[in-house]
Each structure stands twice: as structure tokens, then as C-alpha cells.
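An overview of the molecular structure
Listed below, chain by chain, are the residues.
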Amino acid sequence: MFGIVRPCTHRLSEGLRTEWMAHLCGLCLALRADHGQFARIVTNYDGLIVSVLTEAQTGAMPAGRRTAGPCPLRAMRTAPVAMGEGARLAAAVSLVLASAKVRDHVADRDGLLARRPVAAAARRVAAGWDRAGARTGAALGFDTALLVDAVDRQTGIETLAGPGTPLLTVTEPTETATAAAFAHTAVLAGKPQNAAPLAEAGRLFGRLAHLLDAVEDREADAASGAWNPLTVTGTSLTEARRLCDDALHGVRLALREVEFTDGTLVHVLLAHELRRSVDRAFGTSSCSHQGLEVPEGSFGPPPGNPYGPTPGNPYGPTPGNPYGPTPGGPAAPPPPRPPRDRRGLIAGCLVWAGLACTCQMCCGSYEDPWSRERREAPCQDCGDCCEACNCCGQCGEGCCCCGDSCGCDC
């Protein structure tokens, strides 16, 4: 699973988490339905934004959902999933994005792709994904040749780039590709007036995707000698951060011009979570509430329990549990029986593998693979809902991250 917008599910409200998972699973199942089981490996977090944008403009309708069967990646539970043109467009875009990523790794001779037989096989797979994406795109009126052309131009631009080359020259093909994908959601939704602002939002989103990928891979590329736009053009991290912040601001401004039927999830992903992605890449935090150190006990009760019994108080509770079983008395009641719907060893192992592969066991809460009891993951430090509201300083009453209307103009 690749992509720059990767929200922790416990930061989303129950309703938004269900919607986000519906689009993610809808993209996966659309890939399987149109292109076979193997195509599901190109499911990615950024591709589902195309599906989210389409539905946000038309509104969620019963015809746009279906109940999918149990899946190991959902802890063997059924779930409503998105279906329709938005999910299919997301699938077409994801195939071309994955093809570009494979070609990039082949060009960089990463890992096993440094071997000619493996690289040749990877190129054939990428070419097949290009053709598959083109078929689905054509059925939706979307010409994926725009995306393929951008990928091809990227290689030439990287070959000619050097010290002093503007960084935005290198990111232009990615910007063009994502702008086309975002704009076509307006066509599918029947709202052509949204095409221009969505194209602008997509262009800046593509810039962010390219820059954040470069920032995250900078040290690894330097160690392996792989091509990296920041290193080749001599761009500092400070300048890269400035470009990312400008792009974030531009995305929010562009989204204000779009007519959404329900843009809550779009706002959470492209305003709040996109900001988090930038902070994660640069190792900073956008939380306006951080940085305040409160001395321990400043607002808590004084040491000790002022309402507890004082030493020697005859009216205080006696030591031990007065209601517990006494020696020689009746035995304690037997422990409750385990739930009858426990999974077997093999089924539980399959669910465990799905939870582990999707990081659900690392963040938030999850269902135990065998007992089905709710468990808390070790990582609970992803912050609260308003942590992402730096785009408006300090959020007022209500926060869109919690499913309510945003109390700030962001």
C-alpha cells in the first residue's frame, strides 16, 4: 500500500472511517473485477481520493454501495464498499500510477530490479497495467494517454536535470497527470464547472506527492546512489518545505471553489491529513496545541486522597476485600465461559496476517483474530482530531475531523 495520505483510522469519526474504508475496499474490488486478482496489489491510498472526489460531488446514494463479503484485511467481516464510475476511475489511475512506480524502480535499479531478467519481467507487468488502465479509462471517457505521456516525459526531464534546474520543472509531469485525474471526476459527476478548480487541486496534489516522495527517499537514495530530485537540483529541505506549504495552501483555496454535495471526507483528507503527510515527511508537527509543557500535578488533586480515610479512622474500610470469600467459605464463582464464536487456529492466523499487513494491529483498536475481543493497539499517539487544524490556527467549536461542521474557515 503506497500513497502519501495515510490517515490513522482512529483519528476519523465512525462515519468517516466507514466512508474511507468503503472507498479503499471499493478500489480494491474494482481492480479485481476489471483486471483480475493480481491487479489488487496496486491498491493505494492516493488513488482512492479520485473515488472520494467523485462521490463528494454527487452525494452518497444507495446505488453507489454494496455489501462485500468477509475479507482477511477487514478481520473477516463484511462491509459496505463503494462501487460505480468513481471506483473504476480510481482503479484506472492506480494501474498507471503503479506502472510509473515500477518503471521508476527499474530505472533506479532498485534491489532485485538491478538484474536484467527481473527488470524485463517488471517492464512487461508495467506495460500490461498501462493497457489495462487504458481500457478502463476509455470506458469512462478518460484518456490515460495523458498519464502515460507524463510518465514518459518524466524520464527525459530527469536525464536533463542538474544543479540549478528548478525543482518544479521536475515535478511538472506528475502535476499534469494528477490534474487530469482530478478534473475528470467533475465529468463523471456531471458538474463540469468543478473541472477547473479540481484540476488546480490535482496539480498541487501531484506536486506534493512528488516532493514528499523525494524527501522521504533522500537519505536512502544518497546511500544507494539513486536519482533524487532534491540532490540532483541542489534544492535544500527548507526550500522543499516552502514549496510543500505553498501547495497545501493552494489545495485548500482550490477546494473552496468546488461545489460539493458532501465534502467532509474530502476536506479531512486533502486539508488535514495532507498537512499531516507533509509534517511526517519533514519530521515536524503542525499541531497548534503542542509545545505547551504543563508541570505534573498543576491541575490535578494534591498528593494523597483528601476524601480517603485518615490513619486510625474507625469508619474507614478495613484492609482487604470485606466482600471477598472467607477462608473455608464457599468457593468463588467459576470464570465465564469463552465466547462461542472464537475462530479456529487457521482462520485466526489468516485474520492476524491481514491485520498485520494493513497495520491495524499497530494503531487504534482492532478485533482479536481468535477471540474477537476488542484490543487496543500499542500506538495510541496519533493525536486527537483537532491536532490537524493548523490550517486555521486553533480550531473553534466543532471540528470537521470529528464529523461535525468545521468551526474555522479552512
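Residues numbered from 1 in each chain as written. Predicted model: local features only at pLDDT ≥ 70, side-chain atom pairs only at ≥ 80, totals over all residues. Heavy atoms only, no water.

Look at helix α3 (residues 85–108): 35 Å from first C-alpha to last across 24 residues, which is about the 34 Å you get at 1.5 Å a residue. Directly beyond the C-terminal end of α3, a positive phi value near 55 degrees is found at Arg-109. (Helix = DSSP H or I, 4+ residues; strand = E, 2+ residues; numbered from the N terminus. Expected span 1.5 Å × (residues − 1).)

The next point concerns the pairing of strand β1 (residues 65–71). Looking along a regular strand, one sees the side chains alternate between the two faces of the sheet. Pairing between β1 and strand β2 (residues 77–82): five bridges, direction antiparallel. Across the sheet, Ala-68 pairs through a bridge with Ala-79, a residue of β2. Counting the residues between successive antiparallel strands, the hairpin from β1 to β2 contains five residues, one of them, Ala-75, with a positive phi of roughly 60 degrees. (Pairing = 2+ DSSP bridges.)

Our focus in this paragraph is the pattern of salt bridges. Pairing is possible between side chains that carry opposite charge, provided their charged atoms lie close to one another. For the structure on display, the rule yields 17 salt bridges. The salt bridge partner of Arg-241 is Asp-245, with a shortest N-O separation of 3.0 Å. Here Asp-245 and Arg-241 lie together in helix α9 (residues 237–256), a separation of four residues that amounts to about one turn. A single salt-bridge network, built from bridges that share partners, covers Glu-175, Glu-200, Arg-203 and Arg-207. (Salt bridge = Lys/Arg side-chain N within 4 Å of Asp/Glu carboxyl O.)

Moving on, we get to helix α7 (residues 195–224). Taking 1.5 Å as the rise per residue, α7 with 30 residues should run 44 Å; its terminal C-alpha atoms sit 41 Å apart, in good agreement. Taken as a whole, α7 carries its principal kink of about 55 degrees at Arg-218. Remark: Gly-225 follows α7 within two positions and exhibits a positive phi of approximately 80 degrees. (Bend = angle between axes of the 7 residues up to and from the residue.)

Attention now goes to the packing of aromatic side chains. For the coordinates displayed, the defined rule picks out three aromatic pairs. Taken together, a centroid distance of 5.8 Å and an interplanar angle of 15 degrees make the contact between Trp-20 and Tyr-45 stacked. Here the residue Trp-20 occupies a position in helix α1 (residues 14–35), and Tyr-45 occupies one in the loop between α1 and α2 (48–58), the gap between them amounting to 25 residues. Assigned by exposure class, Trp-20 and Tyr-45 land together as buried. (Phe/Tyr/Trp six-rings, centres within 6.5 Å; stacked < 30°, edge-to-face > 60°. Buried < 20%, exposed > 50% of the residue type's maximum accessible area, 1.4 Å probe, protein only.)

The next thing to look at is the packing of α3 against helix α4 (residues 116–139). Closest axis-to-axis distance for the α3/α4 pair is 8 Å, and the angle between their directions is 160 degrees. Here α3 is positioned roughly antiparallel relative to α4, judged by the angle of their axes. Two packed elements cross with a definite hand, and for α3 against α4 that hand is left-handed. Packed against α3, whose contacting residues are Arg-88, Ala-92, Leu-95, Val-96, Ala-98, Ser-99, Val-102, Arg-103 and Val-106, the element α4 presents Ala-119, Ala-122, Arg-123, Ala-126, Ala-127, Trp-129, Asp-130, Ala-132, Gly-133, Thr-136, Gly-137 and Ala-139 at the interface. When its residues are assigned to classes, the contact of α3 with α4 shows 13 nonpolar, four polar and four charged. (Axes fitted to C-alpha atoms, helices over the stretch in contact; angles between N-to-C directions. Parallel < 35°, antiparallel > 145°, perpendicular 65-115°, else oblique. Left-handed = near helix turned anticlockwise from the far one by under 90°. Contact = heavy atoms within 4.5 Å. Nonpolar A, V, L, I, M, F, W, Y, C, P; charged D, E, K, R; others polar.)

Where nonpolar side chains cluster on the molecular surface, the patch consists of Phe-38, Ile-41 and Val-125 and spans about 280 Å² of accessible area. On the secondary structure map, Ile-41 appears in the loop between α1 and α2. What makes Ile-41 exposed here is its relative accessible area of 52%. (Patch = residues over 30% accessible without salt bridge, like charges linked within 9 Å, V, L, I, M, F, W, Y side chains within 5 Å. Areas by Shrake-Rupley, 256 points an atom, 1.4 Å probe, with all protein chains shown as cover.)

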